[in-house]
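Analysis of the macromolecular model
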Amino acid sequence: MTIARPEPGPDFGAVRPVPRTPSGLFPSGPPTRPAYREPHPITGGGVAAGGGAAAGWLLLFGLLGTDVASYAWWTVIAGLLAWVSALVLVRYGDRGVATGVAIVTAGGWSIAAAVVAVRWATGGDWPLW
């Protein structure tokens with residue numbers, strides 16, 4: 001004997017959850033675009049290390065000068081060498097260290113320029129030649 005089963009039909013009384021569109025505040029899945037990360041992120045420690053190394057470098061070269069002119073020229077030479085190393089670091093090394101080197105080198109050049117300007121203003125003679 002076969003028992004007749006009712007055919008499945010629409011169930012109008014069932015409660016189904018309504019699909020919601022997420023607001024985006026709390027993403028529910030992976031990002032729609034790829035997230036690109038810096039391979040060598042700049043850190044505060046790297047900037048400080050580069051700044052300290054450049055300050056020591058400029059100090060050593062500045063101590064070679066015996067007067068204002070030689071101090072200024074040694075500082076310019078040391079700064080150029082430091083910037084070459086910073087460019088190499090930007091390309092192949094730590095960009096944070098390169099940033100510290102560049103910032104302190106610019107500051108060292110500014111100090112040398114101020115020393116030359118004060119000497120020129122007080123002495124009336126251009127001290128670099």
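The sections below set out a description of the structure shown in this document. (Residues numbered from 1 in each chain as written. Predicted model: local features only at pLDDT ≥ 70, side-chain atom pairs only at ≥ 80, totals over all residues. Heavy atoms only, no water.)

Now for the packing of aromatic side chains. Scanning the entire structure with this criterion turns up six aromatic pairs. Consider the rings of Trp83 and Trp109, whose centres lie 5.2 Å apart with planes at 40°: the pair is tilted. Of this pair, Trp83 sits in helix 2 (residues 68-92) while Trp109 sits in helix 3 (residues 95-123), and the two are 26 residues apart along the sequence. Measuring from centroid to centroid gives 4.8 Å for Trp120 and Trp126, while their planes differ by 80°, and the two rings are edge-to-face. Judged by relative accessible area, Trp126 falls into the partly exposed class, the value being 28%. By the ring-pair criterion, three or more aromatic residues cluster together here, those being Trp73, Trp120, Trp126 and Trp129. (Phe/Tyr/Trp six-rings, centres within 6.5 Å; stacked < 30°, edge-to-face > 60°. Helix = DSSP H or I, 4+ residues; strand = E, 2+ residues; numbered from the N terminus. Buried < 20%, exposed > 50% of the residue type's maximum accessible area, 1.4 Å probe, protein only.)

A few words now on a nonpolar patch on the surface. A surface patch of nonpolar side chains, amounting to about 450 Å² of accessible area, comprises Trp57, Leu64, Trp74, Ile77 and Leu81. Residue contributions to the nonpolar patch peak at three residues, all from helix 2. Considering the arrangement of structural elements, one finds Trp74 in helix 2. (Patch = residues over 30% accessible without salt bridge, like charges linked within 9 Å, V, L, I, M, F, W, Y side chains within 5 Å. Areas by Shrake-Rupley, 256 points an atom, 1.4 Å probe, with all protein chains shown as cover. Salt bridge = Lys/Arg side-chain N within 4 Å of Asp/Glu carboxyl O.)

Here we take up helix 3. In this model, helix 3 (29 residues) spans 42 Å end to end at C-alpha, consistent with the 42 Å of a helix rising 1.5 Å per residue. Of the residues making up helix 3, those classed as buried are Gly96, Ala98, Gly100, Val101, Thr105, Gly108, Ala112 and Val116. For helix 3, the secondary structure elements touched by its buried residues are helix 1 (44-62) and helix 2. N-cap assignment for helix 3: the residue whose side-chain oxygen lies 3.1 Å from the backbone N of Gly96 is Asp94. Taken from the residues just after helix 3, Gly124 is the one with a positive phi, measuring 80°. (Expected span 1.5 Å × (residues − 1). Contact = heavy atoms within 4.5 Å. Polar contact = N/O pair within 3.5 Å; in protein donor to acceptor, adjacent residues only side chain to side chain.)

Turning to its location among the elements, Phe61 is positioned in helix 1. Counting along the chain gives 15 residues from Phe61 to Val76, while the straight-line C-alpha distance between them is 9.4 Å. Those residues in contact with Phe61 that lie beyond four places of it in its chain are Trp74, Ala78 and Leu81.

Remember that the coordinates give geometry; whether it matters functionally is a separate question.
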